[in-house]
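Topology and contacts: notes
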Amino acid sequence: MEGEINHNTIAGADDDDTPALSAHALEALKEFLSEQNRSVAADNDGATAAEEKEVALVTEDWRLSQFWYDRETAETVAREVHALYTSMEDPPSVACIACPTLYVYLKKLHPDLPVQLLEYDKRFEQYGNEFTYYDYNEPLELPSSMKQSFSIIVADPPYLSQECLEKVSETVSFLKKPGESYLLLLTGAVQHDRAAQLLGLRPCGFRPQHSIKLGNEFRLFTNYDPGLRLGGWEQEES
């Protein structure tokens, strides 16, 4: 989950619209707010060899309730995107909708991969012409040049509501290139039925995780069978 959520939600709350923070995450929030001016560069000065493998990101803006993927999740999804990319005869373009962590890892691991980041947070304008401002409330307010231009689309809607997924689905339909195309959706498990109904997706065995533990279970859904990758498609109950 890399969008905006309500600071005041807690794990176990009966609200499907927004991810819930665990008690641990709430405590981490307090710590963050006291150190919010700390720079990423300063954090990396004393990094261990393992920590140096982490990709540098802008600091999560907790006032927007941003939570980046952990490294394993970002690298796993980035490997999947690259595997799809190399499997296609005509080099495809990749769209990342509201998932800046994945974009940064893709560009770190595969610098030449053509990737477009659609994101609300304008701090990511630093990525130049690979950044497109995106507000899911205006799902089709995008450059006409992007219409039907992407064969690989990864989306992480900023809310867990039906309305949000419906609007992001409109964006996906706008971006998706006719013919062979691949869609990956990272969102809460509560979206299982909606993901199937709106986009024809099924859940994979792989469980996405975030750098801060959230109270909601997150899943990865795809419109294709990944085989042995991503834990494969889960068997649906009859």
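Attention in this report is confined to the structure presented alongside it.

**Focus: the pairing of strand S5 (residues 182–188)**
The element S5 is largely enclosed, with a buried count of seven among its seven residues. As paired elements, strand S4 (residues 152–155) and S5 share four bridges and run parallel to each other. Residue pairing across strands places Ala155 opposite Leu185, the latter belonging to S5. You can see the chain leave S4, run along helix H5 (residues 162–175) and come back into S5, and the turn it takes is right-handed. Inspection of the sheet shows S5 paired to strand S7 (residues 218–222) by five bridges, in the antiparallel sense. Bridge pairing in S7 places Leu186 opposite Leu220.

**Observations concerning the environment of Thr73**
Mapped onto the elements, Thr73 comes out in helix H3 (residues 71–87). We classify Thr73 as buried; its relative accessible area is 1%. Counting along the chain gives 28 residues from Thr73 to Thr101, while the straight-line C-alpha distance between them is 9.6 Å. Excluding anything up to four places from it in sequence, Thr73 contacts Phe206, Arg207, Pro208 and Gln209.

**What about the sheet that holds S7?**
If you walk across this open sheet you meet the seven strands as S3-S2-S1-S4-S5-S7-S6, and the pairing is mixed. Both edges of this open sheet fall to strand S3 (131–133) and strand S6 (202–203), since each of them pairs with a single strand only. Its contacts with the sheet put helix H4 (residues 100–109) on strand S1 (94–97), strand S2 (115–119) and S4, and the angle it makes with S2 is roughly 160°.

**A few points about the environment of Tyr159**
Inspection of the secondary structure assignment puts Tyr159 in the loop between S4 and H5. Relative accessible area serves as the criterion here: at 22%, Tyr159 is assigned to the partly exposed category. Each C-alpha atom, one on Tyr159 and one on Thr187, is 8.5 Å from the other, the two residues being 28 residues apart in sequence.

**A look at the environment of Asp70**
Checked against the element boundaries, Asp70 lands in the loop between helix H2 (40–44) and H3. Measuring from C-alpha to C-alpha, the distance between Asp70 and Thr101 comes to 8.7 Å, with 31 residues separating the pair along the chain. Beyond its immediate chain neighbours, meaning those up to four positions away, Asp70 contacts Gln209, His210 and Ser211. Of note is the side chain of Asp70, whose polar atom sits 2.8 Å from the backbone nitrogen of Thr73.

**Remarks on the pairing of S4**
Of the two faces of S4, the one lined by Ile152 and Val154 and the one lined by Ile153 and Ala155 are each fully buried. Across four bridges, S1 lies against S4 in parallel orientation. Bridge pairing in S4 places Ile97 opposite Ala155.

**Thoughts on the pattern of salt bridges**
All chains considered together, the criterion is met by seven salt bridges. A salt bridge links Lys167 to Glu163; the nearest nitrogen and oxygen atoms lie 3.1 Å apart. Within this pair, Lys167 and its partner Glu163 are both found in helix H5, separated by four residues, close to a single helical turn. A relative accessible area of 19% means that Lys167 is categorised as buried. Across the pair Glu234 and Arg207 runs a salt bridge, and its minimum N-O distance is 3.1 Å. Of the two residues, Glu234 sits in the segment after S7 while Arg207 sits in the loop between S6 and S7, which places them 27 residues apart along the sequence. Salt bridges here are not isolated pairs; linked through shared partners, they connect Arg207, Glu217, Arg219 and Glu234.

About the cut-offs
- Residues numbered from 1 in each chain as written.
- Predicted model: local features only at pLDDT ≥ 70, side-chain atom pairs only at ≥ 80, totals over all residues.
- Heavy atoms only, no water.
- Buried < 20%, exposed > 50% of the residue type's maximum accessible area, 1.4 Å probe, protein only.
- Helix = DSSP H or I, 4+ residues; strand = E, 2+ residues; numbered from the N terminus.
- Pairing = 2+ DSSP bridges.
- Right-handed = clockwise from strand over helix to strand, strands pointing away.
- Contact = heavy atoms within 4.5 Å.
- Axes fitted to C-alpha atoms, helices over the stretch in contact; angles between N-to-C directions.
- Polar contact = N/O pair within 3.5 Å; in protein donor to acceptor, adjacent residues only side chain to side chain.
- Salt bridge = Lys/Arg side-chain N within 4 Å of Asp/Glu carboxyl O.

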